[in-house]
Amino acid sequence: MKFVLTLLMCTSVGNQCLPPYQNPTIYDDAYDCMVDGYTMSLEKIEELGRQDVNEQQIYIKFGCNPYAEATT
């Protein structure tokens, strides 16, 4: 089974989330997808910086969902 990674960045202050971001990479297993999810989340939080993350109470959720290949 293959997986696709979807990330959702939200703020507790505004109680809102940006539209989901779907990583274009298709993963061969859940493990690789999860590792990338944590890695990408950490990179984004570090990119935003301490001040913005704290002021806006930003958090990132992600999921590794089964990838359904299109059939024709």
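Here's what I pulled together on the structure shown here. (Residues numbered from 1 in each chain as written. Predicted model: local features only at pLDDT ≥ 70, side-chain atom pairs only at ≥ 80, totals over all residues. Heavy atoms only, no water.)

1. Observations regarding the overall build of the protein chain
Logical step 1: When helices and strands are counted, the protein chain shows two helices and four strands.
Logical step 2: Each helix (α) and strand (β) of the protein chain, taken in turn from the N terminus, gives the series β-β-β-α-α-β.
Logical step 3: Along the three orthogonal principal directions, the C-alpha set of the protein chain runs to about 45 × 20 × 15 Å.
Logical step 4: By the burial criterion, 19% of the 72 residues in the protein chain qualify as buried.
Logical step 5: Taking all contacts inside the protein chain whose residues are at least 6 apart in sequence as the whole, residues at least 24 apart take part in 65%.
Logical step 6: As displayed, the protein chain offers around 5,300 Å² of accessible surface, 52% of which is attributable to carbon and sulfur atoms.
Logical step 7: Mean positive and mean negative side-chain charge positions of the protein chain (4 and 10 charges, respectively) differ by 6 Å. (Helix = DSSP H or I, 4+ residues; strand = E, 2+ residues; numbered from the N terminus. Buried < 20%, exposed > 50% of the residue type's maximum accessible area, 1.4 Å probe, protein only. Contact = heavy atoms within 4.5 Å. Areas by Shrake-Rupley, 256 points an atom, 1.4 Å probe, with all protein chains shown as cover. Lys, Arg positive; Asp, Glu negative; His and termini not counted. Charge placed at Lys NZ, Arg CZ, Asp CG, Glu CD.)

2. Quick look at the side chain of Thr11
Logical step 1: Here Thr11 is to be found in strand E1 (residues 3-11).
Logical step 2: Within the local environment of Thr11, its side chain forms a polar contact with the backbone nitrogen of Val13, the two atoms lying 3.2 Å apart.
Logical step 3: Not counting residues within four places of it along the chain, the set of residues in contact with Thr11 comprises Gln16, Gln56, Gln57, Ile58 and Tyr59. (Polar contact = N/O pair within 3.5 Å; in protein donor to acceptor, adjacent residues only side chain to side chain.)

3. Regarding the nonpolar core
Logical step 1: By size, the foremost hydrophobic cluster in this structure holds six residues: Phe3, Leu5, Leu7, Tyr27, Cys33 and Cys64.
Logical step 2: Looking at this core, the element that brings in the most residues is E1, giving three residues.
Logical step 3: Ignoring anything within four residues of it in the chain, the contact list for Phe3 reads Thr25, Ile26, Tyr27, Asp29, Ala30, Cys33, Cys64, Asn65, Pro66 and Tyr67. (Core = buried A, V, L, I, M, F, W, Y, C linked by side-chain atoms within 4.5 Å.)

4. Brief notes about the environment of Glu55
Logical step 1: Position of Glu55 relative to the elements: it lies in helix H2 (residues 50-56).
Logical step 2: Expressed as a C-alpha distance, the spacing of Glu55 and Tyr67, which sit twelve residues apart in the sequence, is 36 Å.

5. Describing helix H1 (residues 30-48)
Logical step 1: Given a rise of 1.5 Å per residue, 19 residues ought to cover 27 Å, and the 27 Å separating the end C-alpha atoms of H1 matches this to within 8%.
Logical step 2: When H1 is considered as a whole, its buried residues turn out to be Cys33, Gly37 and Ser41. Down the axis of H1, the buried side of the element spans an arc of 70 degrees, and every buried residue falls inside it. Those residues of H1 that are exposed and angled more than 90 degrees off the buried face are Tyr31, Tyr38, Glu46 and Glu47.
Logical step 3: Buried residues along H1 sit in contact with E1, strand E3 (21-27) and strand E4 (58-66). (Expected span 1.5 Å × (residues − 1). Arc of directions from axis to C-beta.)

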